[in-house]
Amino acid sequence: MAKGLYWAFVLMPARLLIGLFGVGPVTALAKPWAYIPGVRAVVSFVWRHTLLRLGYSSSAVDWAEWVCQSWPTPRNKLSLLELYVTVRDFDRAALKLGQERKSILAHKHAVRFLERIGDVETMLAIEGGAVKSEDTSFAVGRGEAVSQYFYQRIWDAHNTTDVSRVRRHAMAYFHAVGFDPEAVIYVCDNLLAPNALWADMLEALERALTVHERRMQTSGKFQANIPGRAQGSDPRAPGGLRWLLAGLLKDDGNDNVRESLYLGIARTSLEIGEYEKIRHILDTELNASIYSAIIEGRLALSEQRLAAGRALLTQALTDNRLPKAQRADVAGLLAENYEEERKYSTARQYYLSNLRIGGLPFYLPIHVWRYISLCTAENQYEEAALIMDMALPQSWKHFMPLARKPIAKRLRQREMVSPHGAFIVGCWGVGDDVIRLAMFDALYGDRQGVKYGLSCDPRMTGLYARSFENFEVVPISRMNGPFGVSEAEYYRLRDGVPPSVDRGRLDFQVYKAAKRYPDVSLTEDFMNGFFRAGPDIRRRNEPLLQVLPEKREAARRWLSTLPPGLKVGITWRSGTRNVERDKSYTDIVKDWGDILSLKGITFINLQYSWEPEELEEAQSLHGCVIHTPEFDLKNDLEDLLAMSLELDLVIAPGTATRELCGAVGAKLWALTTTPFLPDLWRLDADGVTDRLFPSMTHVTANEFGDKLGVLKEMARRLQAMVEAATVEPPRRRRRAAG
């Protein structure tokens, strides 16, 4: 009842008035009410809360500071202090605490505030590094304020793609809740799995299992409670363990909690290849579980026992006791396996089952994307485009306040980008953005006199501004990288952005720029247009991006210091690794011997996530030297691309490095190391040239068998290049004297 009244009489009118007149004038209207003694506390709290709900955190701070300055009571001082922490302005919080702690505790009712001050001190100690994340067990039993804070901090780190901070805050949270089993399961599912923190997950789940067993020994009944778990957490988080655990915790019985923990341990062990541990769990703990067929089937496939694995997964697929989400993922796993064996017709049917059973819980789940890729590989672009149309609203639901036209109407009219100009929301990822902008160029590059805006990763600002003359390029603020801002500044720059909008891809500068254009598009929109256009559309044969000449000159100077021979840049894997992802990549130590042992080639490391140990081992084993440039391979993108243009060749798998080097026109061999079909839609009529970046040649396992077959073929071609470069023209015979 109270929530409904607040929504109807405060929140919605405030949203309307702020939209019409701005936040400052509306806040000025609220101030006179705060002077009325009987309602001051209510007005102060309600307006601060409303500003936060509407996305105006800086204005909420300004309001709280005005209230504190006008009525400097201990309650108002403490509320301001807590608000500084809420908006992640830890420096101001620490300063305010130092100034006001003594006066607050000197108040005659100070005992009421002692606990809240202690909680703030704890939060600041963690943020400042005075207390390590593994030492936060002191928070157990102190109420939910501290554990809730740690939980929110994990989401903060996840939403800003800061994996190290996800790990740190998750460990603090786990210790703060005493490794409560349900809390651990939930955070592992929603936050650690999407960030591929498998080792941390395994440790947390095993410790939670120990806690659960100890509780069972001392209590006949364990009523689960999840300390610090926020209600209504972000539904956009990738599934992680959700396919395995969904539905298990509806009943909080002890058997379900225990089974969920063992399932999580088994699933995580699969990701890191600890198969003996999985067998032990299957034999001793999960032999009667309805989920055992899924785990055992995946284990069998991992060990190349294909018939047994398929039989078990088929059993799980037909088990109606399993929730639809799990059955859909089982269908996807079977489809992948058949696709690996080149049984594409069977694979396609299982992908279709995955889509029909599981639907589209978010934008382009991996198995749906594989289904789309398979359709295009078989020249079924109409079907692929229809599935893309089904998926696109899942992405747009996070940007609805920006939409000038309902997405359903846009799809019906087949108008993905307005002919009158639009602001394009990018920042999905550097590699994905450049692919989609190449699609934009192929579809709409011939439009004359039309202005566009584009939000982008700040590392790409100069490249895009130089390459797209009719674009206004607006970089989005980030917390990491060479253009990173402080955390307080990061959130301040999102002040005024509607909370329903994905703030990972929009700050207020981007939001304000988007408002100036007649329409707004997402880079995802271009994929729908490109697939609908069919196999005959391609980009013109010229670079998409333009590199500064002085950067190329610097690359030439550095390369001139290296030994003679062909200059070949190499990258071999993604920065994120697990058993499944590694199928699509290579190991430079185990797999690259045929290439690295070739003579007459100088190898240049372009792998941004390289590890010194793997390079040292590869050089020692294969008798080569791999030279690493002096710039930052992850963040100095223009230096990287200038280098690629000065090399004789770049070899790269499906990573951002491959797409960027292709976008500037570097000669590149695309290393596609599995018989999956995700890249075949990019192949031109000759079967090897890329339709988006014509300087890219695809060398695929679909043609050459497997990853070793691809690398052997590349080694053969490289040897031919070396021989062609070293053949000297025949000398003219000297005419005999006399």
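The structure presented is a predicted model; accordingly, all values stated were derived computationally and were not measured.

A. Broad picture of the overall build of the protein. Along the backbone of the protein there are 33 helices and 10 strands. For the protein, the C-alpha atoms occupy an extent of roughly 120 × 65 × 55 Å along the three principal directions. Looking at the 738 residues of the protein, the share that counts as buried comes to 55%. Excluding contacts between residues fewer than 6 apart, the proportion of contacts in the protein whose partners are at least 24 apart in sequence is 69%. Counting every atom, the protein has about 32,900 Å² of accessible surface; 53% of that belongs to carbon and sulfur. Seen as two clouds, the 94 positive and the 91 negative side-chain charges of the protein have centres 5 Å apart.

B. Just helix H29 (residues 612–622), in detail. Taken residue by residue, H29 has Glu 614, Leu 615, Ala 618 and His 622 as its buried positions. Along the axis of H29, the buried residues cluster in a sector spanning 100°; they form a single face. Across H29 from its buried face, at more than 90 degrees, point the exposed residues Glu 613, Glu 616 and Ser 620. Summarising the contacts, the buried residues of H29 are in contact with helix H28 (593–596), strand E6 (601–605) and strand E7 (626–627).

C. How the structure looks around the confidence of the model for the protein. Counting all residues, the mean pLDDT for the protein is 89, and 92% of those residues have values of 70 or more. Contacts for the low-pLDDT stretch residues 221–252, under 50 throughout, to residues beyond four places or in other chains number 92 contacts. Here residues 730–738 is a poorly scored stretch, pLDDT under 50, and it has zero contacts once near neighbours within four places are set aside; other chains count.

D. Region of the structure containing the sheet that holds strand E3 (residues 471–475). An order of E3-E2-E1-E4 is seen for the four strands of this open sheet, with the pairing classed as parallel. On the outer flanks of this sheet lie E3 and strand E4 (520–522), each paired with one strand and no other. This sheet shows a mean twist of 20° between the axes of neighbouring strands, independent of strand direction. Both strand E1 (residues 422–425) and strand E2 (residues 452–456) contribute to a ladder of three bridges, which runs parallel. When the sheet's bridge partners are listed, Ile 424 is paired in E2 with Leu 454.

E. Main features of the pairing of E6. The buried fraction of E6 amounts to five of the five residues, a majority that puts the element mostly inside the structure. Because side chains alternate across E6, one face comprises the buried residues Ile 601, Phe 603 and Asn 605, and the other comprises Thr 602 and Ile 604, equally buried. Here strand E5 (residues 566–570) pairs with E6 via five bridges, running parallel. Residue pairing in the sheet places Val 568 in a bridge with Phe 603 of E6. As paired elements, E6 and E7 share two bridges and run parallel to each other. Note on E7: the bridge partner recorded for Ile 604 is His 627. Handedness of the crossover is the feature at issue here: the chain leaves E6, passes through H29, returns alongside E7, and the resulting connection is right-handed.

F. Structural context of the sheet that holds E5. Read from one edge to the other, the open sheet built from six strands follows the order E7-E6-E5-E8-E9-E10, with strand pairing classed as parallel. The open sheet has two edge strands with one neighbour each: E7 and strand E10 (696–700).

G. The packing of helix H5 (residues 74–86) against helix H6 (residues 90–105), seen in detail. Where H5 meets H6, the closest approach of the two axes is 9 Å, and the angle between their N-to-C directions is 160°. The angle between the axes of H5 and H6 places the two elements in the roughly antiparallel class. Judged by the sense of rotation from one axis to the other, the crossing of H5 with H6 is left-handed. The segment H5 lies against H6, with Pro 74, Lys 77, Leu 78, Leu 80, Leu 81, Tyr 84 and Val 85 engaging Phe 90, Arg 92, Ala 93, Lys 96, Leu 97, Glu 100, Ser 103 and Ile 104. When its residues are assigned to classes, the contact of H5 with H6 shows 10 nonpolar, one polar and four charged.

H. Main features of the pattern of salt bridges. All chains considered together, the criterion is met by 53 salt bridges. Here Arg 101 makes a salt bridge to Glu 121, at a shortest N to O gap of 2.5 Å. With a gap of 20 residues between them, Arg 101 in helix H6 and Glu 121 in helix H7 (residues 111–128) connect regions that are remote in the sequence. Relative accessible area serves as the criterion here: at 34%, Arg 101 is assigned to the partly exposed category. On the basis of relative accessible area, Glu 121 is assigned to the partly exposed category, the value being 28%. Between Glu 341 and Arg 310 there is a salt bridge whose closest N-O contact spans 2.4 Å. Of this pair, Glu 341 sits in the loop between helix H17 (324–340) and helix H18 (344–358) while Arg 310 sits in helix H16 (residues 306–317), and the two are 31 residues apart along the sequence.

I. Seen up close, the packing of aromatic side chains. Tallied over the full model, the rule gives 26 aromatic pairs. Taken together, a centroid distance of 5.3 Å and an interplanar angle of 70° make the contact between Tyr 35 and Trp 71 edge-to-face. Of the two residues, Tyr 35 is situated in the loop between helix H2 (23–34) and helix H3 (40–53) and Trp 71 in the loop between helix H4 (57–70) and H5; the sequence distance between them amounts to 36 residues. With a centroid separation of 6.4 Å and an interplanar angle of 80°, the aromatic rings of Trp 369 and Trp 681 are classed as edge-to-face. Here the residue Trp 369 occupies a position in helix H19 (residues 366–377), and Trp 681 occupies one in the loop between strand E9 (668–672) and E10, the gap between them amounting to 312 residues. Here Trp 369 and Trp 681 have matching classes, each one buried. Among the aromatic residues, those joined into a ring-pair cluster are Phe 440, Tyr 444, Tyr 452, Tyr 464, Phe 468, Phe 471 and Phe 526.

J. Focus on the environment of Leu 282. By the element assignment, Leu 282 lies in helix H14 (residues 275–284). The class of Leu 282 is buried, set by a relative accessible area of 8%. Along the chain, Leu 282 and Leu 301 lie 19 residues apart, while their C-alpha atoms are 15 Å from each other. Beyond its immediate chain neighbours, meaning those up to four positions away, Leu 282 contacts Asn 287, Ser 292, Ile 295, Glu 296 and Leu 299.

K. Spatial organisation of the pairing of E1. Along E1, one buried face is formed by Ala 422 and Ile 424 and the opposite face, lined by Phe 423 and Val 425, is buried too. For the crossover from E1 across helix H22 (residues 430–444) to E2, the handedness is right-handed. Relative to E4, E1 is paired through three bridges, and the arrangement is parallel. Directly across from Val 425, in E4, lies its bridge partner Leu 522.

Rules and cut-offs
- Residues numbered from 1 in each chain as written.
- Predicted model: local features only at pLDDT ≥ 70, side-chain atom pairs only at ≥ 80, totals over all residues.
- Heavy atoms only, no water.
- Helix = DSSP H or I, 4+ residues; strand = E, 2+ residues; numbered from the N terminus.
- Buried < 20%, exposed > 50% of the residue type's maximum accessible area, 1.4 Å probe, protein only.
- Contact = heavy atoms within 4.5 Å.
- Areas by Shrake-Rupley, 256 points an atom, 1.4 Å probe, with all protein chains shown as cover.
- Lys, Arg positive; Asp, Glu negative; His and termini not counted.
- Charge placed at Lys NZ, Arg CZ, Asp CG, Glu CD.
- Arc of directions from axis to C-beta.
- pLDDT = per-residue confidence, 0-100.
- Pairing = 2+ DSSP bridges.
- Axes fitted to C-alpha atoms, helices over the stretch in contact; angles between N-to-C directions.
- Right-handed = clockwise from strand over helix to strand, strands pointing away.
- Parallel < 35°, antiparallel > 145°, perpendicular 65-115°, else oblique.
- Left-handed = near helix turned anticlockwise from the far one by under 90°.
- Nonpolar A, V, L, I, M, F, W, Y, C, P; charged D, E, K, R; others polar.
- Salt bridge = Lys/Arg side-chain N within 4 Å of Asp/Glu carboxyl O.
- Phe/Tyr/Trp six-rings, centres within 6.5 Å; stacked < 30°, edge-to-face > 60°.

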